[in-house]
Structures are given as C-alpha cells and as structure tokens.
Amino acid sequence: MKRNATAVWNGSGKEGNGHLTTQSTTLNKTQYSFNSRFADGVGTNPEELVAAAHAGCFSMKLSFVLGAAGFTPDVIETKCDITLEEGTITNSHLTVAAKIPGINQEQFEAAVADAKTNCPISKLLNTNITHEAVLG
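Reference entry: report on the structure contained in this document.

Procedures and definitions
Residues numbered from 1 in each chain as written. Predicted model: local features only at pLDDT ≥ 70, side-chain atom pairs only at ≥ 80, totals over all residues. Heavy atoms only, no water. Axes fitted to C-alpha atoms, helices over the stretch in contact; angles between N-to-C directions. Helix = DSSP H or I, 4+ residues; strand = E, 2+ residues; numbered from the N terminus. Parallel < 35°, antiparallel > 145°, perpendicular 65-115°, else oblique. Left-handed = near helix turned anticlockwise from the far one by under 90°. Contact = heavy atoms within 4.5 Å. Pairing = 2+ DSSP bridges. 1 Å grid on protein atoms, 1.4 Å probe; cavity = no way out; pocket = protein on both sides within 12 Å on 5 of 7 lines; lining within 4 Å. Points joined across faces, edges and corners; volume = space filled by probe spheres on them. Nonpolar A, V, L, I, M, F, W, Y, C, P; charged D, E, K, R; others polar.

Our next topic: the packing of helix H2 (residues 46–68) against helix H3 (residues 105–118). Viewed as axis vectors pointing N to C, H2 and H3 meet at an angle of 130°, and their least axial separation amounts to 9 Å. One element, H2, and the other, H3, form an angle in the oblique class. In this structure, the crossing between H2 and H3 has a hand that is right-handed. Contacts between H2 and H3 involve Phe-58, Lys-61, Leu-62, Val-65 and Leu-66 on the former and, on the latter, Ala-111, Val-112, Asp-114, Ala-115, Lys-116 and Asn-118.

As structure tokens, this is what we get:
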C-alpha cells in the first residue's frame, strides 16, 4: 500500500505560502505558511499533521493490541503534542484516555506501552516519545 500527499510552495520561506493536498482530498489545497507554522496564522502546518498522524495511528494500534488481548474498547481518545525546537522535532507526547470494559490498570498500561512502541508512526519518528494514560 502506498499513500501520497502533495505540497506546493510559492515564494520565500518567510513571506511565501503554500498548500497541501492529500490523496483522499481530505486536505484539498489546504493553506500553510510561515505564520501558520511559527505564529498564529490561519492554516495547518507539518507538525500539526504529524501530531494527527501519530494520535490516529496510536489509537488504532491500541485498539488492535487490546483486541488481541480479548478487550474491546468503548472509546480511545488520544491527543498528541509535537515539540519543535530549533528546527528539530524533539518530542511527541501522547495523552490517551480510554474506556475499556473488563480491563485492569496493569493490562491497560501494558497495551499502551505496546501501541506506543509498535504503531507505524512511532516507528517512523526519530524522536523521544512520551505518554500519559488514563483509564476511565
């Protein structure tokens, strides 16, 4: 399986602007710029997209890990915070809250650790990955 996205950039790094389009067209000429990346400008940015990818991938992997252990989650909600410092992504922090009938804290923590290590986006990122997990 292959997926793709296209970025078009016009102009200089600081004054220019661009847009992103994904294969599915979920993003369709979605605006991004210096201000949307480094200030409070309108539009998306690469770090926000990495955060969405990591949160989504982790949540789905956690569901698979739980299923393999005999649990079906009612809900998994994951927030991902990406830290960009001096041009490098230095951390991806996952905050997960889940409702999973019949699971105990130890089983939940083991499943979270497995998903954090083994989701494809975690494997892709060359950065420190941390997490918080709340079982509700």
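For the rest of this paragraph, the subject is the sheet that holds strand E3 (residues 30–33). If you trace the 3 strands from one edge of the open sheet to the other, you get E1-E2-E3, paired in antiparallel fashion. In this open sheet, the two edge strands, each paired with only one partner strand, are strand E1 (5–10) and E3. Each strand of the sheet is rotated relative to its neighbour by a mean of 25°, with strand direction disregarded.

With that settled, the discussion passes to the layout of surface pockets. The space that makes up the largest pocket amounts to roughly 450 Å³. Forming the walls of the largest pocket are 13 residues, and the residues nearest its centre are Arg-3, Asn-4, Ala-5, Thr-22 and Gln-23. Of all the elements in the fold, those that place two or more residues in the lining of the largest pocket are E1 and strand E2 (17–22). In terms of residue count, the dominant contributor to the lining of the largest pocket is E1 (3 residues). Split by residue class, the lining of the largest pocket holds 6 nonpolar, 6 polar and 1 charged.

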